[in-house]
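Descriptive structure summary
Spelled out, the chains give:
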Amino acid sequence: QVQLVESGGGLVQPGGSLRLSCAASGSIFSIGAMAWYRQAPGKQRELVATITSGGSTNYADSVKGRFTISRDNAKNSVYLQMNSLKPEDTAVYYCYAEVRTKLIGPLAAYWGQGTQVTVSS
């Protein structure tokens, strides 16, 4: 009933920038918190950044000052601006959203399929 689709990943040199996008579609009444996670090969998935429905943000220490999460509620979208990229940022990045599909109903968690970010010279 709800789908999250990420885009914007790719190959970039150290110090470069990328902007990831995630658009939610389907039976959406409202969206609560949204977030970006990442998972490198052989490692556990980790939280990168979160943003509440009101726009409050939090970041992992490893990306603080370099990444910026934002959202556009009119477009049901969340973005991750990634600057000063490092090789250790290489991972599959996943979009996450808590979605309410009815006026009266629960929030449910949804995940995107992931987009690859590779930082290499």
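So, here's what we can say about the structure. (Residues numbered from 1 in each chain as written. Predicted model: local features only at pLDDT ≥ 70, side-chain atom pairs only at ≥ 80, totals over all residues. Heavy atoms only, no water.)

1. Quick notes on the sheet that holds strand β1 (residues 2-7)
Taken in spatial order, the four strands of this open sheet run β1-β3-β8-β7, and their pairing is antiparallel. Both outer strands of the open sheet, β1 and β7 (67-72), are each paired with one neighbouring strand and no more. Strand after strand, the sheet turns through a mean of 15° between neighbouring axes, direction not considered. Pairing geometry for β1 and strand β3 (residues 18-26), over six bridges, is antiparallel. Its bridge partner being in β3, Val5 is matched across the sheet by Ala23. (Pairing = 2+ DSSP bridges. Helix = DSSP H or I, 4+ residues; strand = E, 2+ residues; numbered from the N terminus. Axes fitted to C-alpha atoms, helices over the stretch in contact; angles between N-to-C directions.)

2. Some details on the packing of aromatic side chains
Counted under the stated rule, the structure contains three aromatic pairs. Between Tyr37 and Tyr96, the aromatic rings sit 6.0 Å apart at their centres with planes inclined by 65°, giving edge-to-face as the arrangement. Taken together, the residues span a long stretch of sequence, with Tyr37 in strand β4 (residues 30-39) and Tyr96 in strand β9 (residues 91-100) at a distance of 59 residues. Arranged with centres 5.1 Å apart and planes meeting at 65°, the rings of Tyr96 and Trp111 form a pair that is edge-to-face. Taken as a pair, Tyr96 in strand β9 and Trp111 in strand β10 (residues 107-111) lie far apart in primary sequence, 15 residues in all. Through a chain of ring-to-ring contacts, three or more aromatic side chains come together here, namely Tyr37, Tyr96 and Trp111. Directly above the aromatic system of Tyr94 lies the positively charged group of Arg45, at a separation of 3.8 Å from the ring centroid. The ring of Trp111 has Arg45 sitting right over it, with the charged end atom 4.9 Å from the ring centre. (Phe/Tyr/Trp six-rings, centres within 6.5 Å; stacked < 30°, edge-to-face > 60°. Lys NZ or Arg CZ within 6 Å of the ring centre and 35° of its normal.)

3. Here we look at the environment of Lys102
Examined against the element boundaries, Lys102 turns out to sit in the loop between β9 and β10. Spatially, the C-alpha atom of Lys102 lies 8.0 Å from that of Ser27, the residues being 75 residues apart in sequence.

4. Re the nonpolar core
With 30 residues, the main nonpolar core has Trp36, Val48, Phe67, Val78, Leu80, Met82 and Tyr93 as its most contacted residues. Mapped onto this core, the elements with two or more residues apiece are β1, β3, β4, β5 (46-51), β7, β8 (77-82), β9 and β11 (115-119). Per-element tally for this core: the top contributor is β9, with five residues. (Core = buried A, V, L, I, M, F, W, Y, C linked by side-chain atoms within 4.5 Å. Buried < 20%, exposed > 50% of the residue type's maximum accessible area, 1.4 Å probe, protein only.)

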